[in-house]
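Coordinate analysis (summary)
Letter by letter, the chains look like this.
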Amino acid sequence: MAVVDLRSDTVTRPTEAMRAAMLAAPLGDDVFGDDPTVQALQERIAGLLGFEAALFVPSGTQSNLCAILAHCGRGDEYIVGQMQHAYRWEAGGAAVLGSVQPQPIAHAADGTLPLAEIEAAIKPDDAHFARTRLLALENTLGGQLLPFDYVQAATKLAADKGLARHLDGARLFNAATAQGADAYAEARRIAQCFDSVSVCFSKGLGAPVGSALCGSREFIARAHRVRKMAGGGMRQAGLLAAAALHALDHHVARLADDHALARRLAEGLSGIAGVHAQAPHSNIVFATLSGAARERGAGLLPWLAERGILATGLYQLRFVTHLDVDAAGVDRAVAAVRDYFAQA
Ligand SMILES: *Cc1c(COP(=O)(O)O)cnc(C)c1O
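Fair warning: this is a prediction, and the values are worked out from it, not measured in the lab.

1. Some details on the domain arrangement of the protein
Annotation of the protein at the domain level lists domain 1 (14-250) and domain 2 (254-342). If you average the C-alpha positions of domain 1 and of domain 2, the two centres end up 29 Å apart. At the interface, 18 residues of domain 1 touch 13 residues of domain 2. Summed over both sides, the interface between domain 1 and domain 2 buries roughly 1,200 Å², with carbon and sulfur atoms accounting for 62% of that surface. At the junction of domain 1 and domain 2, the tally comes to zero salt bridges. The tally of links between domain 1 and domain 2 comes to three residue pairs in polar contact (both at pLDDT 80 or more).

Here it is, written out as structure tokens:
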């Protein structure tokens, strides 16, 4: 029985063509700056998003850490959303490793951080306060596209107040795909509102490992030192960079397919009594349960897993579509959820 793994878009295996690109990549020692494939990737992603420079890093977590520590010093703070990865899901790295304090803000229903809340969180220059140095946003946020006019307004407010602006764009190309027809152009349009942008290749883009941090040459030089400190200097990393380059060439246009499958999944789930799936903007479907379905909710994920359907449910039920899921898999997942609640 084939497994339909909807836990995350990180579960994809490299395609045959991606593996071939990895095998063919010219390699060197990237800690010496000698790996031509890493250099090609860094130039490609920086150019694509309109920045001077980029840094290839092993993970999105390390990318955000490098960014926060390159923007902020000890005793500084960054403004961030309560549900953002760079606050909630990174083991407190900026505070633990950089003595940088987060100032979390609650999200509005559309995922945005209200401008008035951002403004109120910026501390005056006074000995009582940490120095507010940075605004960090995430797009997509839990699969939600932040409205572009909001991104412009929030980043303009930050700049007017003298703050740097970082985007956790782990799923920037999903945001771009949800925003307009030309995903590369939309990604650049979003990215250009920020001083630094982190992009994951290991999510919907389908590469096995790696993220890139983009910014000015001088910013990337500072981030490079943090990467070294965090143990992220990798040697023949071109093997991995080749997969990321392949993904940028071949896996951006197809993100629209993942989004269409997520809509199909949400519509299917919403047809089941007691199951409420939000209409997804991109490739992540969240669902909640009500009434009798809610009372039986605890048994659902193990029951699905026994039938080869994998999902997660930390805050809500979560299903993520990606390269290794097709329409038949989505339909099997919907049918299995329906069967579970139809049991006597
Ligand atoms: C996955 C993710 C990260 C971290 O990436 P890892 O490679 O898992 O460390 C950061 N931000 C967001 C929004 C993510 O979804």
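2. A closer look at the site of the ligand
Around the ligand, the surrounding shell consists of Ser59, Gly60, Thr61, Asn64, His85, Glu90, Glu138, Asp168, Ala170, Arg171, Cys200 and Lys203. Asp168 places a polar side-chain atom, nitrogen or oxygen, 2.6 Å from a nitrogen atom of the ligand. Coverage of the ligand by the protein amounts to 82% of the 380 Å² it exposes when considered alone. Ranked by residue count, the leading element in the shell around the ligand is helix H3 (residues 60-71), at three residues.

3. Points about helix H15 (residues 327-342)
What sets the pattern is the α-helix's 3.6 residues per turn: residues three or four places apart point alike. Taking 1.5 Å as the rise per residue, H15 with 16 residues should run 22 Å; its terminal C-alpha atoms sit 22 Å apart, in good agreement. Listed in full, the buried residues belonging to H15 are Gly329, Val330, Ala333, Val334, Ala336, Val337, Tyr340 and Phe341. Projected down its long axis, H15 carries its buried residues within an arc of 160°, all on one side. The outward face of H15, more than 90 degrees from its buried face, is lined by the exposed residues Ala328 and Ala342.

4. What to know about the packing of helix H2 (residues 36-49) against helix H9 (residues 183-191)
Between two packed helices, what matters for the description is the angle formed by their axes and the separation of those axes. Orientation of H2 relative to H9, taken along the N-to-C sense of each, is 80°, at an axis distance of 8 Å. Our classification of the angle between H2 and H9 gives roughly perpendicular. Contact residues: Arg44, Gly47, Leu48 and Leu49 in H2; Tyr184, Ala187, Arg188 and Ala191 in H9. Tallied by class, residues from the contact of H2 with H9 come to five nonpolar, one polar and two charged.

5. Observations concerning helix H10 (residues 217-229)
Helix length check: H10, at 13 residues, gives a terminal C-alpha distance of 19 Å against a target of 18 Å (1.5 Å per residue), a fit within 8%. Within H10, burial applies to Phe219, Ile220, Ala223, Val226 and Arg227. Each buried residue of H10 lies within a common arc of 110° when the element is viewed along its axis, so the set occupies one face. Exposed and oriented more than 90 degrees from the buried face of H10 are Arg217, Glu218, Arg225 and Met229. Among the residues trailing H10, Gly231 stands out with phi positive, at a value near 80°.

Conventions and cut-offs
Residues numbered from 1 in each chain as written. Predicted model: local features only at pLDDT ≥ 70, side-chain atom pairs only at ≥ 80, totals over all residues. Heavy atoms only, no water. Domains from an automatic or database assignment. Contact = heavy atoms within 4.5 Å. Buried area = accessible area lost by both parts, 1.4 Å probe. Salt bridge = Lys/Arg side-chain N within 4 Å of Asp/Glu carboxyl O. Polar contact = N/O pair within 3.5 Å; in protein donor to acceptor, adjacent residues only side chain to side chain. Near = heavy atom within 4 Å. Areas by Shrake-Rupley, 256 points an atom, 1.4 Å probe, with all protein chains shown as cover. Helix = DSSP H or I, 4+ residues; strand = E, 2+ residues; numbered from the N terminus. Expected span 1.5 Å × (residues − 1). Buried < 20%, exposed > 50% of the residue type's maximum accessible area, 1.4 Å probe, protein only. Arc of directions from axis to C-beta. Axes fitted to C-alpha atoms, helices over the stretch in contact; angles between N-to-C directions. Parallel < 35°, antiparallel > 145°, perpendicular 65-115°, else oblique. Nonpolar A, V, L, I, M, F, W, Y, C, P; charged D, E, K, R; others polar.

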